[in-house]
Amino acid sequence: MSNDYDVTKETHLWFGPQHPGVTGNMSVELWLKGDTIQRGITHVGYLHRGFEKLMERRTFIQSFPIVCRICVPEPDTNEYLLAKGLEQLGGIYDDVPEKARWIRTLTLEMARLAATLMVLGGQVGSMGLGPVPQWMMTLRDYVLDSFEELSGHRIYHMYIVYGGVRRDLPEGFEGRLEKTLQTIEERLPWIDRLMFENDVFRKRAIGIGYVPPEWVDEMSLSGPIVRAMGIPRDVRKDYPYEVYPELDFDVITEEGSDMFARARVRRREIAQSINLIRQMLADMPKDGPFCLKLPSLMHWRIPKGQTYVRAEASRGEFGYFVVTDGTDKVRRVNVRGPSYVHGVSLLERMLPGTNISDLSSLMVSLQTCPPEIER
Amino acid sequence: MSLKHIITPFSAWVRAFTKPYTVPEAKTMRPGAPRYRGWHINDTDRCVGCGTCADICQNEAIDMVRVDEPVNGDAGLRPRVDYGRCCWCALCVDVCPSASLGMSNEYVWVDGDADVFRYTPGVDEKPWDESALGWRKDEGFHLFDPDRVPMPHLDPLERVKTWAEVVIGYAEEEARREAARCVQCGLCIAACPARMHIPDYIAAIRDGDDAEAVRIIYDNNPMPEMCGKVCTRNCEKVCSIGVKGEAIAIRWLKRYATERFDDLKSVIDVTRSDVGKGHTVAIVGGGPSGFTAAYYLALRGFSVTIYDELPRLGGATFFGIPKYRFPLPSLDKQVQLLEDAGVRIITDHRVEAEEFARLREECLAVFVGTGLMKPYRLGAHGEELDGVIFALEFLRDYHIDRPVEVGEKVVVVGGGNVAIDASRLARRLGADVTISYRRREVDMPADEEEIEDARAEGVEIFTQSIPLRVETREGGGLTYVWGPAEMLPAEEPGKRPRPQLIEGVEHRLDVDRVIVAIGQGPDLSWMGDETAHAVGDKRGWISTDEFGATAVDGVFAGGDLVNPVADAISAIADGLRVVEGIVKRAKAKQK
Ligand SMILES: Cc1cc2nc3c(=O)[nH]c(=O)nc-3n(C[C@H](O)[C@H](O)[C@H](O)COP(=O)(O)OP(=O)(O)OC[C@H]3O[C@@H](n4cnc5c(N)ncnc54)[C@H](O)[C@@H]3O)c2cc1C
Ligand code: SF4
């Protein structure tokens, strides 16, 4: 959008941290001329709890309940990556029971679904459209019901654990989850009508928030941001893990690299997650252990070593660099969350020239998540 | 801009007429999922206060608070949860060795007073105490393995043909795995008469430092290889993991650690301090109590001489416990370290009244640990017959290389460890063995594993069988006559039920030997009657103060003739107490 009036005076403005339009506890310090952003700096630190450092002083099992907090909307990726990293270093990754691999993948896909529902709702919500985010939060809550049943909690699941998962699927879980999937599916056409076939959204999303493809490798971009450029990049396919190789799916791409294209990718990935979950519920082994029996997880010691493990979260590539030193605690964990790149470096690069009224929806579109920036 | 894209969104109005699927108010909220992680509950009868929940809680949300007096196997503590810290991770529930801790599926609790959000589940009453739903420990997920690493044994049919040790012992990897199961709660320490530092040495084994484990073990037990093989293991009986799973094999781990080192001096520092420098102490009896007193007194700089009438030290662990359970090299290794610590060892030397009197004169203190050497008599007709022998003498004679003769068929009368040892020894000498015991099998004082081993080796056990008399048989041999018993309720609560002979029924068993193993008592006659009466009671039992001092100045006592438990580790504990008593005496003398 162009400026209707000319302003010579530069305005200095804080966007957040206490602003409903900011995606979480962070702020962007802006310098504007009129309503056009000239430049901006992101400020994080409001949420710093030092998870990485906390883990260095806790035994492996005590670190297990910490990592879920690195991502509120989608904690499971963190649980999975810490588990996988330590399992690899501890030499037990190959022994993780088959059933656990299926349940893990199921959980990861459920988490992607729940997170994508939320961000897609937020996308139009940030533009002032009420019904879609409300529906989306409701649908997400249905998925969280399933998480509650499965893991005992809705938000911080603390479910994927070293050696497998913490509990088996409850009786009748598959049926109830299928019902939720149907509820979501039933609502999807409505979302199309209200969102993608809505001129307000189209006007405010098509061509807005463009990310040039050259930046992908330059900045290590990933997830829907990249796929919305037509680049089929997805850790689930590129570096397949757990049971993804056994599932039938294609990487979803869209053209345009704008907010609209990214929303389309997400919309289609909701359908994809539903499909993957169905495949898993059908093909998953029904019997067998769901967790490896180790002499002790309390006194687990892991030899010296380091590893980098990655997974595709709804926002993009999540990576854990894990270093162990032969003791019962990690020497170092470095969490590579996509938001660090998308929400700090990329956002700052995109700010000049952005209209202030698009900032909120841009942040949603980049799916910035501060807790993961501030591990 | 297209007309379609302007109009389509308004179709959402249709949904205004569909039923909402959000709930109207908090009151209609559904209950939490069946495995919801809500407010804690605790089955306090089941909880043993081990504190493992508090250990694992990375938020330090749990304090162990005293709710009762500690008793054996229950610390008297219960977890108090602070919900200002708790993150509902439920690791506390998943780790709980007794599976007493759980979580209700209740998730709403509103109160204006912030302090109420810290309570002791199961002690402070809560509406969800009886909640059947919520997060509970699950059989498929373990923070430690509830099952013990199995101990390999020699095949029963093979082992009766040899004198080889029945228990093979853990390999290194097995020991590490077993040690890793320990949750380090320490309930065992209070149950061990010698208060051994059990969690510490288990942790050392777990972490691969066997030498450190042996050093920790030697801090208060100089016969650990013996204990590692034959201890009555009071510790394992209170192991918190044993409440739901199988107790840590504490005894086998101790055995593993000590067996790793042939030359104990390479690990144990026997440098003497000067606390007792210039003082002499005489120890009469080389059993575990005397052995222990001698070792630690020597390390404290006393000049110690230990006397035993048998050719080797070890007392009943040498002459009583058969070598397939506790082989001589294991004993000799321990004796070697005692010698290395500077103890003068005089074996094959019985101390008599005169010498005892002289020792009392010359030494700062004399310790009496002469054990129970006098077997109880059967009190049945025919017990004086040739071929009726005492188990204690049978075992002793065998171990000091005197000829023993069992014939082809043997009956062993009794149900304690001595009876089992005598029967398994007789099996190895080629006899068919039957045990005749007055009460039921569950009442047998012998270790249940021992009973099982004996049975596997072909020993037959008659229970509720009361000896009536022994007769000679024409053409040689004996007949053991017994009557069946019925069980009457115990006279006092806590006592065992009493066997009552069923009159008029007699069973007869033709045997070559009757081995009597119905107990043994002390015999202080070697001291001379006058001294014996001053030191002990009429039957020879001795009472002491908490430091092992008897009524006679300078005379200390310990072991079986003092404590009614009569096992090796209690004798060792007595030895430790006496060391403190004698050190105190030395210090008092120096003033
Ligand atoms: C057959 C048998 C099996 C047992 N099995 C077990 C078991 O599995 N686990 C367990 O924990 N406990 C067991 N015990 C019990 C355990 O061995 C004793 O509790 C322990 O040895 C008692 O130690 P103590 O210090 O009282 O002396 P004792 O071991 O009784 O030794 C006393 C010593 O004093 C010597 N002595 C006596 N009078 C004199 C004297 N005048 N001069 C010189 N020396 C003298 C004796 O020769 C003897 O060596 C068993 C006992 C027996 C007999
Ligand atoms: S649930 Fe987790 S945080 Fe709460 S008391 Fe138990 S271990 Fe601690």
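Residues numbered from 1 in each chain as written. Chains lettered and ligands numbered in written order. Predicted model: local features only at pLDDT ≥ 70, side-chain atom pairs only at ≥ 80, totals over all residues. Heavy atoms only, no water.

**Here we look at unusual backbone geometry**
Residue Pro17 of chain A is bonded to the preceding Gly16 of chain A through a cis peptide linkage, with omega at 5°. Secondary-structure assignment places Pro17 of chain A in the loop between strand S1 (10-15) and strand S2 (27-33). Its identity as a non-glycine residue notwithstanding, Ala99 of chain B has a phi of 60°, on the positive side. Phi is positive for Gln464 of chain B, close to 45°, though the residue is something other than glycine. By the secondary structure assignment, Gln464 of chain B is in the loop between strand S14 (460-462) and strand S15 (465-472). (Helix = DSSP H or I, 4+ residues; strand = E, 2+ residues; numbered from the N terminus.)

**Structural notes on the interface of chain B and chain A**
Listed as interface residues are 51 residues of chain B and, on the opposing side, 50 residues of chain A. For the chain B and chain A pair, buried surface summed over both sides reaches about 4,200 Å², with 56% attributable to carbon and sulfur atoms. In this assembly, chain B and chain A are joined by nine salt bridges. Two residues, Lys293 of chain A and Asp147 of chain B, come together in a salt bridge whose shortest N-O distance is 2.9 Å. At the junction of chain B and chain A, the tally comes to 31 residue pairs in polar contact (both at pLDDT 80 or more). Every element with two or more residues in the side of chain B that touches chain A is listed here: helix H1 (3-7), helix H2 (52-56), helix H3 (91-95) and helix H5 (172-180) of chain B. Residue composition of the side of chain B that touches chain A, by class: 24 nonpolar, eleven polar and 16 charged. (Contact = heavy atoms within 4.5 Å. Buried area = accessible area lost by both parts, 1.4 Å probe. Salt bridge = Lys/Arg side-chain N within 4 Å of Asp/Glu carboxyl O. Polar contact = N/O pair within 3.5 Å; in protein donor to acceptor, adjacent residues only side chain to side chain. Nonpolar A, V, L, I, M, F, W, Y, C, P; charged D, E, K, R; others polar.)

**A few points about the site of ligand 1**
Residues and elements named next belong to chain B. In the neighbourhood of ligand 1, 38 residues make up the surrounding shell, with Ser289, Asp308, Ala316, Arg325 and Asp560 lying closest. Within the contact set of ligand 1, a nitrogen atom lies 2.7 Å away from a backbone nitrogen or oxygen of Val230. Within the side chain of Arg325, an N or O atom sits 2.3 Å from an oxygen atom of ligand 1. Against a free-state accessible area of 990 Å², the protein chains account for coverage of 97% of ligand 1. Among the secondary structure elements, those contributing two or more residues to the shell around ligand 1 are helix H13 (288-299), helix H14 (316-319), helix H17 (391-399), helix H18 (417-428) and helix H21 (568-590). In terms of residue count, H18 provides more of the shell around ligand 1 than any other element does, three residues in total. Here the residues of the shell around ligand 1 are counted per class, giving 17 nonpolar, 14 polar and seven charged. Summarising the domain contributions, the shell around ligand 1 has at least three residues from each of domain 2 (280-373 + 522-590) and domain 3 (376-489 + 498-520). (Near = heavy atom within 4 Å. Areas by Shrake-Rupley, 256 points an atom, 1.4 Å probe, with all protein chains shown as cover. Domains from an automatic or database assignment.)

**So, the site of ligand 2**
Around ligand 2 lies a shell of 13 residues, among which Cys57, Cys86, Cys89, Ala90 and Cys92 of chain B are the nearest. Residue composition of the shell around ligand 2, grouped by class: eleven nonpolar, two polar and no charged.

**Things to note about the domain arrangement of chain B**
Residue and element names in this part refer to chain B. Considered domain by domain, chain B is made up of domain 1 (156-266), domain 2 (280-373 + 522-590) and domain 3 (376-489 + 498-520). With centres defined by C-alpha atoms, the gap from domain 1 to domain 3 works out at 32 Å. Taken together, the contact pairs nine residues of domain 1 with eleven residues of domain 3. Summing both partners gives a buried area of about 920 Å² for domain 1 against domain 3, and 48% of it is carried by carbon and sulfur.

**Some remarks on the sheet that holds strand S6 (residues 305-313) of chain A**
Residue and element names in this part refer to chain A. If you trace the three strands from one edge of the open sheet to the other, you get S6-S7-S8, paired in antiparallel fashion. The open sheet is flanked by S6 and strand S8 (330-336), the only strands paired with a single partner. When the angles between neighbouring strand axes are averaged without regard to direction, this sheet yields 15°. Where S6 and strand S7 (residues 316-324) come together, nine bridges link them in antiparallel fashion. Paired with Glu312 across the strands is Glu317, a residue of S7. Across the sheet, helix H3 (residues 76-89) lies against S6, S7 and S8, angled at about 150° from S6, the strand it touches most. (Pairing = 2+ DSSP bridges. Axes fitted to C-alpha atoms, helices over the stretch in contact; angles between N-to-C directions.)

**Points about the environment of Asp567 of chain B**
Residues and elements named next belong to chain B. Looking at the element boundaries, Asp567 is found in the loop between strand S21 (555-557) and H21. We classify Asp567 as buried; its relative accessible area is 9%. Taking the C-alpha atoms as reference, Asp567 lies 10.0 Å from Pro193; in sequence the two are 374 residues apart. For Asp567, the residues in contact, after removing those within four places along its chain, are Thr232, Asn234 and Asp560. (Buried < 20%, exposed > 50% of the residue type's maximum accessible area, 1.4 Å probe, protein only.)

**Description of the pairing of strand S6 (residues 280-284) of chain B**
Residue and element names in this part refer to chain B. Buried residues dominate S6, accounting for four of its five residues. The sheet contact formed by S6 and strand S7 (residues 303-307) spans five bridges and is parallel. Across the sheet, Ala282 pairs through a bridge with Thr305, a residue of S7. In this region the chain leaves S6, passes through H13 and returns to the parallel neighbour S7; the handedness of that crossover is right-handed. Sheet topology note: the S6/strand S9 (residues 365-368) ladder contains four bridges and is parallel. Counted as the bridge partner of Ala282 is Val366 from S9. (Right-handed = clockwise from strand over helix to strand, strands pointing away.)

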